[in-house]
Amino acid sequence: MQRIYSPPALIISAILTGLAHQPLQLGWLAWFGLLPLIFVFNRITELRHFIIAGFIWGFTYHLTIIFWMATNIGTTHLIGFISMLAAVSFLTLNILAVSFLMGILKKRFPQIWFWFFPLVWTSIEYLRSIGPLGFPWTSLANTQLDFLTLAQNTEITGMYGISFWVVFVNISLFNWLVRP
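Quick caveat, the model's predicted, so the values are computed rather than measured. (Residues numbered from 1 in each chain as written. Predicted model: local features only at pLDDT ≥ 70, side-chain atom pairs only at ≥ 80, totals over all residues. Heavy atoms only, no water.)

This structure, assessed with the given rule, holds 19 aromatic pairs. Aromatic side chains Trp57 and Tyr61 sit 4.6 Å apart centroid to centroid with 20 degrees between the ring planes, which places their arrangement in the stacked category. Taken together, the residues Trp57 and Tyr61, both in helix H4 (residues 47–66) and 4 residues apart, mark about one turn of the helix. Neither Trp57 nor Tyr61 differs from the other in exposure class; each is buried. Here Trp113 and Phe114 contribute two aromatic rings whose centre-to-centre distance is 5.7 Å and whose plane-to-plane angle is 90 degrees, an arrangement assigned as edge-to-face. Judged by relative accessible area, which is 3%, Phe114 ranks as buried. The structure contains a cluster of three or more aromatic residues connected by ring pairs, namely Phe39, Trp113, Phe114, Trp115, Phe164, Trp165, Phe168 and Phe174. (Phe/Tyr/Trp six-rings, centres within 6.5 Å; stacked < 30°, edge-to-face > 60°. Helix = DSSP H or I, 4+ residues; strand = E, 2+ residues; numbered from the N terminus. Buried < 20%, exposed > 50% of the residue type's maximum accessible area, 1.4 Å probe, protein only.)

With that settled, the discussion passes to a nonpolar patch on the surface. A cluster of nonpolar side chains, Phe39, Trp176, Leu177 and Val178, forms an exposed patch at the surface whose accessible area comes to about 390 Å². Here the nonpolar patch gets 3 residues from one element, more than from any other, and that element is helix H8 (residues 154–178). Inspection of the secondary structure assignment puts Trp176 in helix H8. The exposed category is assigned to Trp176, whose relative accessible area is 56%. (Patch = residues over 30% accessible without salt bridge, like charges linked within 9 Å, V, L, I, M, F, W, Y side chains within 5 Å. Areas by Shrake-Rupley, 256 points an atom, 1.4 Å probe, with all protein chains shown as cover. Salt bridge = Lys/Arg side-chain N within 4 Å of Asp/Glu carboxyl O.)

Predicted confidence across the chain gives a mean pLDDT of 90, with 98% of residues reaching 70 or more. Put simply, helix H7 (residues 148–151) is where the chain has its lowest mean pLDDT, 81, and helix H6 (residues 117–129) is where it has its highest, 95. (pLDDT = per-residue confidence, 0-100.)

Within the secondary structure layout, Leu91 lies in helix H5 (residues 77–108). Distance in space between the C-alpha atoms of Leu91 and Thr64 is 12 Å, their sequence separation being 27 residues. Excluding anything up to four places from it in sequence, Leu91 contacts His62, Ile66, Arg128, Phe135 and Thr138. (Contact = heavy atoms within 4.5 Å.)

Within the secondary structure, Met69 is located in the loop between H4 and H5. Of the residues examined, Met69 reaches a relative accessible area of 14% and is grouped as buried. Spatially, the C-alpha atom of Met69 lies 9.1 Å from that of Leu85, the residues being 16 residues apart in sequence. Excluding anything up to four places from it in sequence, Met69 contacts Gly80, Ser83, Met84 and Ala87.

With that settled, the discussion passes to the nonpolar core. By size, the foremost hydrophobic cluster in this structure holds 42 residues, and its most contacted members are Leu10, Leu34, Phe41, Trp57, Met102, Phe117 and Trp121. Listing elements by their share of this core, those giving two or more residues are helix H1 (7–19), helix H3 (35–43), H4, H5, H6 and H8. The element contributing the most residues to this core is H5, with 8 residues. In this structure, Phe117 is in contact with Leu34, Leu37, Ile38, Phe41, Val98, Met102, Val167 and Ile171, ignoring residues within four places of it in sequence. (Core = buried A, V, L, I, M, F, W, Y, C linked by side-chain atoms within 4.5 Å.)

Have a look at this one:
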């Protein structure tokens, strides 16, 4: 059976976007790292495929970002590994929400669904950061810390404005590649 949601493309996309968070000065990867995810979303139509794709991408993405938690929290390796998996699983729920909403929007607006992606992504990022379980450290805006001119725009737009623009550029590239 052919997997329409293409796990290798999702894993590559998640790793590229996750590497942009690491202190390796690879923040530029975020500007096109979401493209494979968007192309997979473009291929699929069923809501369950959106959920599966969101889980694969979200789990790999968050694992790439917070892998260090398994060995750097001052506890045994087993407890560290379990807490890292729990954190990654919890954070993956946010990407599942993005995927679910994009599946609904694609069904409702089949021609322009992808233009909603930056708004949905940024909204979920904002909701993820509030409350006692808020976790803003995996925000796409954090990938742009090496670019001081861009990072200074957070004074005007906040970190969610930067995340919005990163996703918007990915969507614009997708639109340009699909309809040159």
